[in-house]
Amino acid sequence: MANYLARIELDGASPEDYQRLQAGMQQRGYRREITGEDGVVYQLPAGTYYVTESSAVLSVALHAAVDAANETGMRAAVFVTDWHAVQWAGLEPRG
């Protein structure tokens, strides 16, 4: 099983465009909220998503993110990476 982190930047996008992107990513199993070791749920930055324990290979995870970005009708830059551990600073708790 793999963990993937995706970063998608929509060129000239509005907040509504990112909401459409989020819906598409959510349909594909990606999330924008991550739970820390402290039990607090944090919001990832706009255009940043993750999925854990996926049976998909990296190329499939990338294509899923590209498909979600394409559904917005916006030009997009998409980056997906495999990860085993994650740490962060400065994320806002979900509110």
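Up top is the structure these notes are about.
S.K.: So what exactly am I meant to see when it comes to the packing of helix α1 (residues 15–27) against helix α2 (residues 58–70) here?
M.R.: How two helices sit against one another is set out by the angle between their axes and by the gap between those axes. Interhelical geometry of α1 versus α2 gives an angle of 145° and a closest axis separation of 8 Å. As α1 packs across α2, the resulting crossing turns out to be right-handed. Residue-level inspection shows Leu21, Gly24 and Met25 of α1 in contact with α2, the latter providing Ala65, Ala68 and Ala69. In terms of residue class, the contact of α1 with α2 is built from five nonpolar, one polar and no charged.

S.K.: Looking at this structure, how should I read the packing of aromatic side chains?
M.R.: Any aromatic ring pair is given by two values, namely how distant the centres are and how the planes are angled relative to each other. In total, this model carries two aromatic pairs according to the counting rule given. Relative to tryptophan 88, the ring of tyrosine 42 lies with its centre 5.7 Å away and its plane at 65°, an arrangement referred to as edge-to-face. Residue tyrosine 42 is located in strand β3 (residues 41–43), and its partner tryptophan 88 is located in the loop between β5 (76–82) and β6 (92–93); the two are separated by 46 residues in the primary sequence. For tyrosine 42, a relative accessible area of 14% corresponds to the buried category.

S.K.: Would you mind going over the sheet that holds strand β1 (residues 2–10) with me for this structure?
M.R.: Strands in a sheet are paired, the pairing made by backbone hydrogen bonds, and the direction either parallel or antiparallel. What the three strands build is an open sheet, ordered β4-β1-β5; its pairing is antiparallel. Edge positions in the sheet fall to β4 (48–54) and β5, since each of these pairs with one other strand and no more. Within this sheet the neighbouring strands show an average axis-to-axis angle of 20°, counted without direction. Examined bridge by bridge, β1 and β5 share seven bridges and lie antiparallel to one another. Across the sheet, leucine 10 pairs through a bridge with alanine 76, a residue of β5. In the packing of α1 onto the sheet, the strands contacted are β1 and β4, and the crossing angle to β1 comes to about 160°.

S.K.: Explain the sheet that holds strand β2 (residues 33–35) here, please?
M.R.: Strands sit in the order β2-β3-β6 across an open sheet of three strands; the sheet is antiparallel. Every interior strand has two partners, whereas the edge strands, β2 and β6, have only one. Bridge count between β3 and β6: two bridges; the pairing is antiparallel. Looking across to β6, one finds that tyrosine 42 is bridged to proline 93.

S.K.: Before we go on, may I ask you to explain the side chain of aspartate 17 in this structure?
M.R.: In this fold, aspartate 17 is placed in helix α1. Side chain to side chain, aspartate 17 and arginine 20 meet in a polar contact 2.5 Å long. Excluding residues that lie within four positions of it along the chain, aspartate 17 makes contacts with Leu10, Thr72 and Met74.

Conventions used here
Residues numbered from 1 in each chain as written. Predicted model: local features only at pLDDT ≥ 70, side-chain atom pairs only at ≥ 80, totals over all residues. Heavy atoms only, no water. Axes fitted to C-alpha atoms, helices over the stretch in contact; angles between N-to-C directions. Helix = DSSP H or I, 4+ residues; strand = E, 2+ residues; numbered from the N terminus. Left-handed = near helix turned anticlockwise from the far one by under 90°. Contact = heavy atoms within 4.5 Å. Nonpolar A, V, L, I, M, F, W, Y, C, P; charged D, E, K, R; others polar. Phe/Tyr/Trp six-rings, centres within 6.5 Å; stacked < 30°, edge-to-face > 60°. Buried < 20%, exposed > 50% of the residue type's maximum accessible area, 1.4 Å probe, protein only. Pairing = 2+ DSSP bridges. Polar contact = N/O pair within 3.5 Å; in protein donor to acceptor, adjacent residues only side chain to side chain.

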